[in-house]
Amino acid sequence: KAGADNADPVETDHTVKIPRPTIVGGKTSDKAVYQKNETAHYTLTATNPDEKIIGRNLTFEDTVEVDYVEILADSIKVVNPAGKDITKKCEITAEKTHFFVKTGRDIKPGETYTLTYDMTFSEDSPVGEKVPNTFIPMVDGASFAAEYDTTVPGAPDVKAVKSCDPENGSTVHTGDEIEYHI
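Scope of this entry: the structure provided in the associated data block. Remember, it's a predicted structure, so these values are computed and weren't measured experimentally.

Quick look at the pairing of strand β8 (residues 98-102) now. One ladder, built from five bridges, connects strand β5 (residues 59-64) with β8; its direction is antiparallel. The residue bridging E61 from the neighbouring strand is F100, located in β8. Note: strand β7 (residues 91-94) against β8, four bridges, orientation antiparallel. When the sheet's bridge partners are listed, I92 is paired in β8 with V101. The hairpin formed by β7 and β8 contains three residues between the paired strands.

Looking now at the packing of aromatic side chains. Taken as a whole and judged by the stated rule, the model has four aromatic pairs. Their ring planes at 15 degrees and their centres at 5.4 Å tell us that Y34 and F121 sit as a pair that is stacked. Within this pair, whereas Y34 is found in the loop between β3 (24-29) and β4 (39-47), its partner F121 is found in strand β9 (residues 112-121), the two being separated by 87 residues in sequence. By relative accessible area, which is 1% here, F121 ends up buried. Where F60 meets F135, the ring centres are 6.1 Å apart and the plane angle is 15 degrees; that geometry is what we call stacked. Here F60 is found in strand β5, whereas its partner F135 is found in strand β10 (residues 130-139), with 75 residues between them in sequence. We note that F60, like F135, is buried. The rings of Y42, F99 and Y117 are connected pair by pair, giving a single aromatic cluster.

The next thing to look at is the sheet that holds strand β6 (residues 69-79). In space, the four strands of this open sheet follow the order β3-β4-β9-β6, with antiparallel pairing throughout. Each end of this open sheet is capped by a strand with a single partner; those strands are β3 and β6. The average undirected angle you get between the axes of adjacent strands in this sheet is 20 degrees. Pairing between β3 and β4: six bridges, direction antiparallel. Within β4, the position partnered with K27 by the bridge is L44.

Residues other than glycine seldom take positive phi values, yet N37 does so here, at roughly 65 degrees. The phi torsion at N57 lies on the positive side, around 60 degrees, for a residue other than glycine. Summarising the element assignment, N57 is placed in the loop between β4 and β5.

Next up on the list: the nonpolar core. Ranked by size, the top nonpolar core spans 29 residues in total, and within it F60, F99, L115 and Y117 carry the most contacts. Going through the elements one at a time, β4, β5, β6, β8, β9 and β10 are the ones with two or more residues in this core. In terms of residue count, the dominant contributor to this core is β9 (five residues).

Summed over the entire model, instances satisfying the criterion amount to four salt bridges. Among the ionic pairs, E38 bridges to K31, the shortest N-O distance being 2.4 Å. On the accessibility criterion, K31 (33% relative accessible area) is partly exposed. Close ionic contact of R56 with D106 constitutes a salt bridge, the shortest N to O distance being 2.8 Å. In this pair, R56 is assigned in the loop between β4 and β5 and D106 in the loop between β8 and β9, connecting sequence segments 50 residues apart. Look at R56 and you get partly exposed, because its relative accessible area is 41%. Judged by its relative accessible area of 30%, D106 falls in the partly exposed class.

Rules behind the numbers
Residues numbered from 1 in each chain as written. Predicted model: local features only at pLDDT ≥ 70, side-chain atom pairs only at ≥ 80, totals over all residues. Heavy atoms only, no water. Pairing = 2+ DSSP bridges. Helix = DSSP H or I, 4+ residues; strand = E, 2+ residues; numbered from the N terminus. Phe/Tyr/Trp six-rings, centres within 6.5 Å; stacked < 30°, edge-to-face > 60°. Buried < 20%, exposed > 50% of the residue type's maximum accessible area, 1.4 Å probe, protein only. Axes fitted to C-alpha atoms, helices over the stretch in contact; angles between N-to-C directions. Core = buried A, V, L, I, M, F, W, Y, C linked by side-chain atoms within 4.5 Å. Salt bridge = Lys/Arg side-chain N within 4 Å of Asp/Glu carboxyl O.

Just distances and angles here, no functional claims.
Here it is in structure tokens:
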């Protein structure tokens with residue numbers, strides 16, 4: 001509303017659009033399939049693909065949906081776009097199957113932050129099962145959620161055949177040699 005001593009008051013409405021930031025995440029591992037008692041090495045990325053808008057307060061969150069793995073909290077490492085390790089400046093909350101990292105940083109257009117961590121598969125990991133997990137990088141006003149699977153393989157398809165010489169069922173005497181073939 002505007003007015004003056006020598007004019008009638010004027011009222012007008014104007015809609016202002018506040019642009020939302022964008023964040024895109026990616027997750028890779030050093031292998032597609034892991035064995036029991038093996039350690040997986042993961043790399044997470046958060047990228048701001050926007051040309052103008054800064055993403056405020058970048059965070060990383062990852063949740064594994066099974067209990068036979070363990071995220072190794074001490075392995076979590078965060079690197080800024082310049083390649084500098086900023087882990088000690090981050091606030092990290094880690095549990096057995098989940099972590100949340102507040103970087104305390106904004107992500108500028110075109111920048112990518114990288115987080116790496118390790119996770120071990122226990123002896124109880126069921127063979128042939130996929131391990132579902134969800135990675136979510138976030139900034140104020142935007143998030144990106146993606147689901148990933150890792151697999152613990154089943155036993156290899158191996159068939160063992162045993163034979164001997166002399167043949168099975170033959171009579172042998174003390175001191176005779178038997179040659180086995182597997």
